[in-house]
Amino acid sequence: MEADRRGRRGGGLRRNAVWAFTGALIVSGGWAAAVFTLPGMVQSGGSARPIRGYHVVDDLCSAAKPGKFQSLYTMVDTNPYHYSARHTDMDVMSCTADMKRGATSSDWDYALIEMRANLHKSVDSAPEFTATKAAFQQRKAEISAVPGLGDEAYLAYIDERRTTSKSRTWHSARYELQVRDGGMTFSLAWSATYDDDGPKPVDKETVRQSLLSDGRDALKAIGGP
């Protein structure tokens, strides 16, 4: 039984890791599609927008702890993966955390939280932000504007339904907050997998509220208003 629990736990983490990688491909693939299908929308160069009070931090996970999500899940790893990079053209901060619900969670009770902030110091951040939104739209994501957050912000939700070789139907769900404020771009994403016949993940509205609350707190942690 113990070996079985360890196997199921590992399976959940692997599935979430795969979905995290898939999510990165979704965005990068959508970006490429936007470049080729919407010529003229993406241009290099341009005047950089002000960074305002935003600044790079060494550990985004510690500086911007996702409090709302931590009330829904427990951290799988007490030292989640993070990195920061400084460059004259752009500073980057990232945090990735595996989480689970309860002490005896099934595979479907795991979630991945990804946070990233870019400080664009040499080029206009707006065209890339617009292209990322277009990528979500091309994938038929549900898009909703978030007024009063930065210069522009939106939420994007995707729930992809797939059938395995064993005829089991499962879903890869991703809910993401995107914010642009001057030369700063920020994203906070939740992703999880679930089976039609198994336990369901945290409900969509709760995830939405958590993204908005933790997103605002994260922006303040890196110097936002």
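Here, the structure is the one placed above.
Read on for a plain summary of the structure. Given the structure is predicted, the values throughout are model-derived calculations rather than measurements. (Residues numbered from 1 in each chain as written. Predicted model: local features only at pLDDT ≥ 70, side-chain atom pairs only at ≥ 80, totals over all residues. Heavy atoms only, no water.)

### A closer look at the environment of His55
Here's step 1: Looking at the element boundaries, His55 is found in the loop between helix 1 (2-37) and helix 2 (60-63).
Here's step 2: Sequence spacing of His55 and Met93 is 38 residues, and the spatial spacing of their C-alpha atoms is 9.7 Å.
Here's step 3: In contact with His55, not counting residues within four places along its chain, are Met93, Leu119, Ala221, Ile222 and Gly223. (Helix = DSSP H or I, 4+ residues; strand = E, 2+ residues; numbered from the N terminus. Contact = heavy atoms within 4.5 Å.)

### Concerning helix 5 (residues 204-221)
Here's step 1: Between the first and last C-alpha of helix 5 there are 25 Å, a value that for 18 residues agrees with the 26 Å anticipated at 1.5 Å per step.
Here's step 2: For helix 5, the complete set of buried residues consists of Val207, Ser210, Leu211, Leu212, Asp214, Gly215, Ala218 and Leu219.
Here's step 3: Just past helix 5, the residue Gly223 takes up positive phi, approximately 105°. (Expected span 1.5 Å × (residues − 1). Buried < 20%, exposed > 50% of the residue type's maximum accessible area, 1.4 Å probe, protein only.)

### Quick word on the packing of aromatic side chains
Each aromatic ring pair is specified by the distance between its two centres and by the angle formed by the two planes.
Here's step 1: Summed over all chains, the structure comprises four aromatic pairs.
Here's step 2: Judged by centre distance (5.5 Å) and plane angle (65°), the rings of Phe129 and Tyr154 are edge-to-face. Highlighted residues: Phe129 in helix 4 (residues 126-138) and Tyr154 in strand 6 (residues 152-163), separated in sequence by 25 residues.
Here's step 3: Overall, Tyr154 belongs to the buried group, its relative accessible area being 2%.
Here's step 4: By way of ring pairs, the aromatic residues Phe129, Phe136 and Tyr154 are connected into one cluster. (Phe/Tyr/Trp six-rings, centres within 6.5 Å; stacked < 30°, edge-to-face > 60°.)

### What about the pattern of salt bridges?
Here's step 1: Scanning the entire structure with this criterion turns up 15 salt bridges.
Here's step 2: Between Asp181 and Arg52 there is a salt bridge, with the nearest N and O atoms lying 2.2 Å from each other. Pair noted here: Asp181 is in strand 7 (residues 169-181) and Arg52 is in the loop between helix 1 and helix 2, with a separation of 129 residues, a long-range link.
Here's step 3: Each of Arg52, Asp151, Glu152, Arg180 and Asp181 takes part in one network of salt bridges that share partners. (Salt bridge = Lys/Arg side-chain N within 4 Å of Asp/Glu carboxyl O.)

### Some details on unusual backbone geometry
Here's step 1: In this model, Arg52 sits at a positive phi of 60°, which is unusual for a non-glycine residue.
Here's step 2: The exposure class assigned to Arg52 is partly exposed, which follows from its relative accessible area of 47%.

### Regarding the nonpolar core
Here's step 1: Leu177, Phe186 and Trp190 are the most contacted members of the largest nonpolar core, which totals 39 residues.
Here's step 2: For this core, the element with the highest residue contribution is strand 8 (residues 184-195), accounting for six residues.
Here's step 3: Among residues more than four places away in sequence, those in contact with Phe186 are Met115, Arg116, Ala117, Leu177, Gln178, Val179, Gly215, Ala218 and Leu219.
Here's step 4: By size, the runner-up hydrophobic cluster in this structure holds six residues, among which are Phe129, Phe136, Tyr154 and Ile158. (Core = buried A, V, L, I, M, F, W, Y, C linked by side-chain atoms within 4.5 Å.)

### Topic: the pairing of strand 2 (residues 81-85)
Here's step 1: Inspection of the sheet shows strand 2 paired to strand 3 (residues 90-100) by five bridges, in the antiparallel sense. Bridge pairing links His82 to Cys95 in strand 3.
Here's step 2: The antiparallel pairing of strand 2 with strand 3 creates a hairpin that spans four residues between the two strands. (Pairing = 2+ DSSP bridges.)

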